[in-house]
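Summary of structural features
Listed below, chain by chain, are the residues.
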There are 2 protein chains.
Amino acid sequence: MIDKHLLKLRARDVISAEEEAFIRGGVSGSAKVPRDTVVVRAFDPIHTSNILVSGIACRLKDLGNGRRQITELHVPGDFTDVHGFSLKYLDHDILALTDCQFALVPHAHLQEMTERHAHLTRVYWFGTNLDAAIHREWALSLGRRDATARMAHLFCELYVRLELVGLVRQGAYDLPLTQVELSDCLGITPVHTNRTLQQLRSEGVVEFRSGQVIVHDLAALEAVAGFDPRYLYLQRMQR
Amino acid sequence: MIDKHLLKLRARDVISAEEEAFIRGGVSGSAKVPRDTVVVRAFDPIHTSNILVSGIACRLKDLGNGRRQITELHVPGDFTDVHGFSLKYLDHDILALTDCQFALVPHAHLQEMTERHAHLTRVYWFGTNLDAAIHREWALSLGRRDATARMAHLFCELYVRLELVGLVRQGAYDLPLTQVELSDCLGITPVHTNRTLQQLRSEGVVEFRSGQVIVHDLAALEAVAGFDPRYLYLQRMQR
DNA sequence: CGAGGGGTTGATGGTTGTCAAGGGCTGTGG
DNA sequence: CCACAGCCCTTGACAACCATCAACCCCTCG
């Protein structure tokens, strides 16, 4: 069930058989939730964290006045809320953007990990730091890239992250979001999202249609985005 | 030297005398750097992390074409780059925005901490998760708040964070940044920063002048910002 | 005294937001 | 089987926020 999660971990560090067993042993159950479900509500106390097994989820901050910002998209293999273990509550919702399956990990298990598995603790600490690096790149996009570059950059990021877990085929990947949800990632209005998508499509760079991203020209997409993947920390650590 | 750092830690968790000794024992030296110094350069390998003792520093992402985005401001007591311990290099610069003093902590010491001090490891893990929460709030600002609210929100955040380490007096605190640097926090141009500052000043809410932030009406400032401090996780944990 | 950094102001333009309407598709129930 | 609701996408007209460009002021410092 959490094979993709291990794939993601092993892309960046060495996980021993014993550590793998410990991780697998920590999964206390699983949950299937339909599209548009709030999996974890902001500010609620929590005692379990969720590994995304399948589907697309996100971290969503809601201003209440109708304005909302997605601060990260989650792909299969992601630990959507390990940070909940140390924070005790989240400052944002975890929302399933499509039908999703999650593997559940009690915080007690993470507590035990910190007591007895120093290396694994560092691996998951790294994981939350990677999330923070993604947040920073999004802040850069939101602050200093125009709508076109911002959108291209998001498509580049997802390309890399999904390829890591084997979900890119022939330069295309599934992303069954609405244009409204995409807007909430990019900090623009749905109308402008629509027009930006049309522009990228007409230039033959990338297409977003019927829940799929089809990259026609990856080099061009990266150029439009100004994409530099180093913020995703893709090299494996030497232990 | 790192009293403010301990103040910050103890605001959110219980630190034993033994743990305090371990932290203090980890400081291998200190560094004084003048304004505008890059303390840690993006993508350089690193083996030491820095606790900010005095001054204001930031995390800065540079697009190269003149566009740059500050993703977090650091105040005295902050561990500006603990995340460098697990990431091995940073995806952004650490820049001293004023004359700064830092306490240096070798990564070997943090490594030892993860092996022998599980609770302290959780404390510092929490710390990086708090940074990520701040990143998310900034992403929300950059994506969904207008310039006025964004600026007000930043002043609110700094008010809380500086108060925690005893650096707010009579509703005012030092913030010796230029308007250009403030612009790089807010994702707007210096010209617009200037006009937004004038607006907030003329409304009697807050004043930013000669390196000081003077809050005239905190309630109004928080209202303009839509400020909710819960993302700063101010309650102390019960161990 | 001149250079340079920082701040201020005015005029103008562009990216993006807002408002409003309509089209296509899907699912459902009469 | 058709009517209709609802969601999603698309388009056009217009407005607003913010960027750009350019100039000027003030202060400090060599």
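Use the structure listed above.
Note that the coordinates shown come from a computational prediction; the quantities given were computed from them, not determined experimentally. (Residues numbered from 1 in each chain as written. Chains lettered and ligands numbered in written order. Predicted model: local features only at pLDDT ≥ 70, side-chain atom pairs only at ≥ 80, totals over all residues. Heavy atoms only, no water.)

As a further point, take the sheet that holds strand E9 (residues 206–209) of chain A. Either a parallel or an antiparallel arrangement is found when strands of a sheet pair, and the pairing is made through backbone hydrogen bonds. Residues and elements named next belong to chain A. Taken in spatial order, the three strands of this open sheet run E8-E10-E9, and their pairing is antiparallel. Each edge of the open sheet carries a strand with a single partner, namely strand E8 (172–174) and E9. Recorded for the sheet is a direction-independent mean angle of 10 degrees between the axes of neighbouring strands. Here three bridges tie E8 to strand E10 (residues 212–215), and the two strands are oriented antiparallel to one another. Looking at the pairing, Asp174 lines up with Gln212 of E10. Here helix H6 (residues 147–164) sits on the sheet and contacts E8, E9 and E10; the angle it forms with E8, its principal contact strand, is near 85 degrees. (Pairing = 2+ DSSP bridges. Helix = DSSP H or I, 4+ residues; strand = E, 2+ residues; numbered from the N terminus. Axes fitted to C-alpha atoms, helices over the stretch in contact; angles between N-to-C directions. Contact = heavy atoms within 4.5 Å.)

Taken together, 15 residues sit near DNA strand C, with Arg35, Gln179, Asn194, Arg195 and Gln198 of chain B positioned nearest. In this structure, a phosphate oxygen belonging to DNA strand C sits 3.5 Å away from a side-chain N or O atom of Arg67 of chain A. Taking Ala147 of chain A, its main chain carries an N or O atom lying 3.0 Å from a phosphate oxygen of DNA strand C. Secondary structure elements with two or more residues in the surface near DNA strand C: helix H8 (190–202) of chain A together with helix H8 (190–202) of chain B. Of all the elements, H8 of chain B adds the most residues to the surface near DNA strand C, at four residues. Among the residues making up the surface near DNA strand C, the classes are represented as four nonpolar, seven polar and four charged. (Near = heavy atom within 4 Å. Polar contact = N/O pair within 3.5 Å; in protein donor to acceptor, adjacent residues only side chain to side chain. Nonpolar A, V, L, I, M, F, W, Y, C, P; charged D, E, K, R; others polar.)

On to the protein's contact with DNA strand D, then. Of all residues adjacent to DNA strand D, which total 16 residues, the nearest are Gln179, Asn194, Arg195 and Gln198 of chain A together with Thr189 of chain B. One nitrogen or oxygen atom from the side chain of Asn194 of chain A is found 2.4 Å from a phosphate oxygen belonging to DNA strand D. Thr189 of chain B has a polar side-chain atom sitting 2.9 Å from a phosphate oxygen of DNA strand D. Every element with two or more residues in the surface near DNA strand D is listed here: H8 of chain A together with H8 of chain B.

A separate point is the packing of aromatic side chains. Evaluation of the coordinates by the stated rule reveals 16 aromatic pairs over all chains. Through pairs of rings, three or more aromatic residues link up here, namely Phe43 and Tyr89 of chain A together with Phe126 and Tyr233 of chain B. The lysine or arginine in question, Arg230 of chain A, covers the ring of Phe43 of chain B, its NZ or CZ lying 3.5 Å from the ring centre. In this arrangement the basic side chain of Lys88 of chain B is found over the ring face of Phe85 of chain B, its NZ or CZ atom lying 5.5 Å from the centre. (Phe/Tyr/Trp six-rings, centres within 6.5 Å; stacked < 30°, edge-to-face > 60°. Lys NZ or Arg CZ within 6 Å of the ring centre and 35° of its normal.)

Before going further, it helps to spend a moment on helix H2 (residues 17–25) of chain A. At 3.6 residues per turn, the α-helix brings residues three or four places apart onto the same side. Residues and elements named next belong to chain A. Inspection of H2 places Glu19, Glu20, Phe22 and Ile23 among the buried residues, and these make up the whole buried set. Down the axis of H2, the buried side of the element spans an arc of 160 degrees, and every buried residue falls inside it. Exposed side of H2, more than 90 degrees from the buried face: Ala17, Glu18 and Gly25 are the residues found there. Against the buried residues of H2 lie helix H1 (3–12), helix H4 (107–116) and helix H5 (118–144). (Buried < 20%, exposed > 50% of the residue type's maximum accessible area, 1.4 Å probe, protein only. Arc of directions from axis to C-beta.)

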